[in-house]
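The lines below spell out each chain.
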Amino acid sequence: MQAIIVKNLTKTYDKGKIQAVDDVSFEVEKGELFGLIGPDGAGKTSIFRMLTTLLLPDKGEASVDGFDIVKDFKKIRNTVGYMPGKFSLYQDLTIEENLNFFATVFNTTVGENYSLIKDIYIQIEKFKKRRAGKLSGGMKQKLALCCALIHKPTTLFLDEPTTGVDPVSRKEFWDMLKRLKEQGITILVSTPYMDEANRCDRIALIQSGKILSIDTPAAIINSFSEKLYAIKANKMYQLLKALELFPKRRNSYAFGEFAHATFDQTIDKAELKRYLEMIGLSQIEIEVIEPTIEDVFIKLLNKHNHAE
Amino acid sequence: MRTLIFLLRKEFKQIFRDKAILAIIFVMPSVQLIVMPLAANYEVKKINLAVVDNDKSTYTQKLISQITSSGYFRLQSYNASYDQAYEAIKSDNADLILEIPQRFERNLVRENKEKIFIAVNAINGTKANLGGAYLSTIISNFNNDIRMKLTVGSRFSQAPTIEIVSSNWFNVHMNYRLFFVPGILALLVTLVGSFLTALNIVREKEVGTIEQINVTPIKKHYFILGKLIPFWVLANVIFTIGLLLGRLVYGIIPAGNIGLLYLFVGVYLLAALGFGLLISTFAETQQQAMLIMFFFMMVFILMGGLFTPIESMPQWAQIITKFNPVRYFIEVMRMVILKGSTLRDVASQFVAVIVFAVILNSWAILNYKKTN
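Values in this document were obtained by computation on a predicted structure and should not be read as measured data.

Student: How should the sheet that holds strand S10 (residues 210-215) of chain A be read in this particular structure?
Tutor: Strand-to-strand pairing in sheets goes through backbone hydrogen bonds, with the strands running parallel or antiparallel. All names here are of chain A. With mixed pairing, six strands are arranged side by side in an open sheet as S6-S7-S8-S3-S9-S10. If you trace the sheet from one side to the other, it starts and ends with strand S6 (80-83) and S10, each paired once. The mean angle between the axes of side-by-side strands here comes to 15°, regardless of whether they run parallel or antiparallel. As defined by bridge partners, strand S3 (residues 33-37) adjoins strand S9 (residues 202-207) across four bridges and the pair is classed as parallel. What sits directly across from Phe34, in S9, is Arg202. Sheet contacts for helix H5 (residues 137-149): S6 and strand S7 (155-159); angle to S6, the most-contacted strand, approximately 160°. This element, helix H6 (residues 167-182), spans S3, S6, S7 and strand S8 (186-191) of the sheet and lies at about 155° to S8.

Student: Would you take a moment to explain the domain arrangement of chain B for this structure?
Tutor: How large an interface is tends to be reported as the accessible area lost when its parts come together. According to the domain assignment, chain B contains domain 1 (2-40 + 172-370) and domain 2 (47-157). A C-alpha centroid distance of 48 Å is found between domain 1 of chain B and domain 2 of chain B.

Student: So what exactly am I meant to see when it comes to the domain arrangement of chain A here?
Tutor: Examined at the domain level, chain A breaks down into domain 1 (2-217) and domain 2 (225-290). Each of domain 1 of chain A and domain 2 of chain A was reduced to a C-alpha centroid, and the two centroids are 40 Å apart.

Student: Would you mind going over the confidence of the model for chain B with me for this structure?
Tutor: Any residue range with low pLDDT should be treated as having predicted coordinates unsuitable for detailed reading. Per-residue confidence for chain B averages 85 on the pLDDT scale, and 94% of its residues sit at or above 70. When pLDDT is averaged over each helix and strand of chain B, the minimum, 80, is found for helix H6 (residues 125-150) of chain B and the maximum, 93, for helix H10 (residues 258-282) of chain B.

Student: Looking at this structure, I do not really get the environment of Glu32(A). What am I missing?
Tutor: Residues and elements named next belong to chain A. Mapped onto the elements of the fold, Glu32 is located in the loop between strand S2 (18-29) and S3. Relative accessible area serves as the criterion here: at 7%, Glu32 is assigned to the buried category. Considered as a pair, Glu32 and Phe127 are 95 residues apart in the sequence and their alpha carbons are 32 Å apart. With sequence-adjacent residues up to four places away left out, Glu32 is seen in contact with Glu27, Ile185, Thr186, Ile187, Asp201 and Arg202.

Student: Looking at this structure, I do not really get the nonpolar core. What am I missing?
Tutor: In this structure, Leu145(A) and Leu205(A) are the most contacted members of the largest nonpolar core, which totals 135 residues. Here this core takes 17 residues from helix H7 (residues 176-207) of chain B, the largest share from any one element. Setting aside residues up to four positions removed in sequence, Leu205(A) forms contacts with Ile37(A), Lys210(A), Ile211(A), Leu212(A), Ser213(A), Ile220(A), Ile293(A), Val296(A), Phe297(A) and Leu300(A). With 29 residues, the next largest nonpolar core counts Ala20(A), Val24(A), Phe26(A) and Leu55(A) among its residues.

Student: When you look at the interface of chain B and chain A in this model, what are you seeing that I'm missing?
Tutor: The partner chain A presents 27 residues to the 21 residues of chain B that form the contact. Around 2400 Å² of area is buried between chain B and chain A when both sides are counted, 57% of it from carbon and sulfur atoms. It is Arg17(B), Gln212(B) and Val215(B) in chain B that bury the most area against chain A; as a group they hold 28% of the surface buried on that side. Joining chain B to chain A, the criterion identifies four salt bridges. For the side of chain B that touches chain A, the secondary structure elements donating two or more residues are helix H1 (2-17), H7 and helix H8 (209-214) of chain B. Examining the composition of the side of chain B that touches chain A, we find that seven residues originate from one element, H1(B), more than from any other. The class makeup of the residues in the side of chain B that touches chain A is seven nonpolar, six polar and eight charged.

Student: Help me understand the pairing of S8(A) in this model?
Tutor: Look at any regular strand and the pattern is simple: side chains alternate between the two faces of the sheet. Residues and elements named next belong to chain A. A large share of S8 lies buried, amounting to six of its six residues. Side chains of S8 alternate between two faces, with Thr186, Leu188 and Ser190 and Ile187, Val189 and Thr191 buried alike. When S3 meets S8, the two strands line up parallel, connected through five bridges. Residue pairing across strands places Phe34 opposite Leu188, the latter belonging to S8. For the crossover from S7 across H6 to S8, the handedness is right-handed.

Student: Quick question: what am I supposed to make of the packing of aromatic side chains here?
Tutor: The geometry of an aromatic ring pair comes down to the distance between the two centres and the angle between the two planes. Scanning the model with the defined rule gives 26 aromatic pairs over all chains in all. Seen from their ring centres, Phe101(A) and Phe102(A) are 5.2 Å apart, and the 80° between their planes marks the pair as edge-to-face. Accessibility expressed as a relative area gives 1% for Phe101(A), which makes it buried. Through pairs of rings, three or more aromatic residues link up here, namely Phe239(B), Tyr262(B), Phe264(B), Tyr268(B), Phe329(B) and Phe350(B). The side chain of Lys232(A) reaches across the aromatic face of Phe258(A), ending 5.7 Å from its centre. The cationic tip of Arg327(B) hangs over the ring face of Tyr328(B); the distance from NZ or CZ to the ring centre is 5.5 Å.

Criteria and thresholds
- Residues numbered from 1 in each chain as written.
- Chains lettered and ligands numbered in written order.
- Predicted model: local features only at pLDDT ≥ 70, side-chain atom pairs only at ≥ 80, totals over all residues.
- Heavy atoms only, no water.
- Pairing = 2+ DSSP bridges.
- Helix = DSSP H or I, 4+ residues; strand = E, 2+ residues; numbered from the N terminus.
- Axes fitted to C-alpha atoms, helices over the stretch in contact; angles between N-to-C directions.
- Contact = heavy atoms within 4.5 Å.
- Domains from an automatic or database assignment.
- pLDDT = per-residue confidence, 0-100.
- Buried < 20%, exposed > 50% of the residue type's maximum accessible area, 1.4 Å probe, protein only.
- Core = buried A, V, L, I, M, F, W, Y, C linked by side-chain atoms within 4.5 Å.
- Buried area = accessible area lost by both parts, 1.4 Å probe.
- Salt bridge = Lys/Arg side-chain N within 4 Å of Asp/Glu carboxyl O.
- Nonpolar A, V, L, I, M, F, W, Y, C, P; charged D, E, K, R; others polar.
- Right-handed = clockwise from strand over helix to strand, strands pointing away.
- Phe/Tyr/Trp six-rings, centres within 6.5 Å; stacked < 30°, edge-to-face > 60°.
- Lys NZ or Arg CZ within 6 Å of the ring centre and 35° of its normal.

This is how it looks when you write it as structure tokens:
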């Protein structure tokens, strides 16, 4: 059964001038951890706000747990948990008070669903008398997750939960999500970090309000059919320039300290090395590597831009 | 109901935790009620007078000493010529010039007639007006004295004159504090009621907590009530503090029914809170809310009849004051506290305020729904 169904959802701002979400469709299975992956401004938050009934779509329809986001918005508000990208709990209330408040608002108590948040809550419990505004970023985020979970939601919406959080806390956070998923909660999560995509069951790559591809992370990586080369040299800028002029080049771009490149046919590493040396580069390393989600994203983006 | 109680508990907790709000609620009104009526004095005193005495006779001496002994004037300079005195006005050392012509005494005695010249620096309108008026009164008193003396022999042939004796009702000693303090109290209650409501709701918008609330099953009217009730209560507390201060510091004891005052405040606050609610639906940030509020407050204060009587405003301005809820509150405060008016006397103000409450709140709720 599908927990979330989105059909041709469209949202524009400024009287149609800005296309935030452009004809987006996807489905999320019950109990699935589904990721919306895309850069800032791709339309992720707009999708979240429509699905959590905070924003009305211009066109298209969507349902959460079988409830229509426009007609049955009241029912959706009873069953979903939402954690916005920006910390938005009461900064002048303590951890305990925030949690109690949100439990009461949903007509439940902290005790009733304590088992669900226990793992997360014990990490912040010793600060329970501290005001939310005085917590560190990671603790704030754990508290926000607790508050979103306290009424035992069937579906959890997490909008960029790891933005601005340190790498260790990020990893911990994804471990928590995995445990929640095991309890049968459907989770829709968005992130601009491509490396987090692997932790989702399925992902949708999204850019400029359009979905580029939806699949499991493995299948998405597999869809990268070409051989990918990672190339390193002493001067990055010259290297990129040289690669652009290489006759068989299909695509090339900077990727950390390497340049990633694909070519029209299998090329001889030695041939490429000779070409680069001729231009005057040294310390050249060339390797064939496994593509990452980011490589796929860049490829899809190029294709998408060419199509327009 | 349980939700509402919980919302209220949360709201009060937040209010009592915010030291700035506590100061605004309890310290500010007390300070304003104690300081403002003492400082903002309607009586103009210490008017600087420059005298040009071209006569230098006993009469002019008498006149000048009568002016300075009135307590309103301060003899700033004694000049040889009008030009010299005018310099004093230019350098802001004098507010008024009194020029006495040559042969003042002689002409007065011989011809029963003489003219005196008064020049007023009208940069400060109130001071100029009142200063001029005071001076004229003193001079005409002086004139009467002289006439009495000169005509003392023919007392029975004195021309008939009308002497006016007035008595001040409801405020026997014309103590301006009696009508100023209730007015300021009305303003403070309005300020706290509408300002704090608007800022509080807009803060939820700014911080984003309103989003979080909107995703919960909390009903809109509970949320709004949860916001309005605390400030309704707080404004009533301020009103009580104000009445107590008025009694302790200024000895103002309401002549009318205190219950009637509270009834009116209760209804009036619905309008004030509704106004705050309405502003909050338009503003996205606290800064915006502050600026909008500030603009309206200026209009409410200046067109509310606190400083200048509404009756002396031009016709169009009087019509504008009809749309100012503060006006009705100040009227009722003065009527009930000073005059002891009854419910029947202030019925029209009650109706006006109820209309305001209904319109402002409905508008705010409509607007609130639209934005979501």
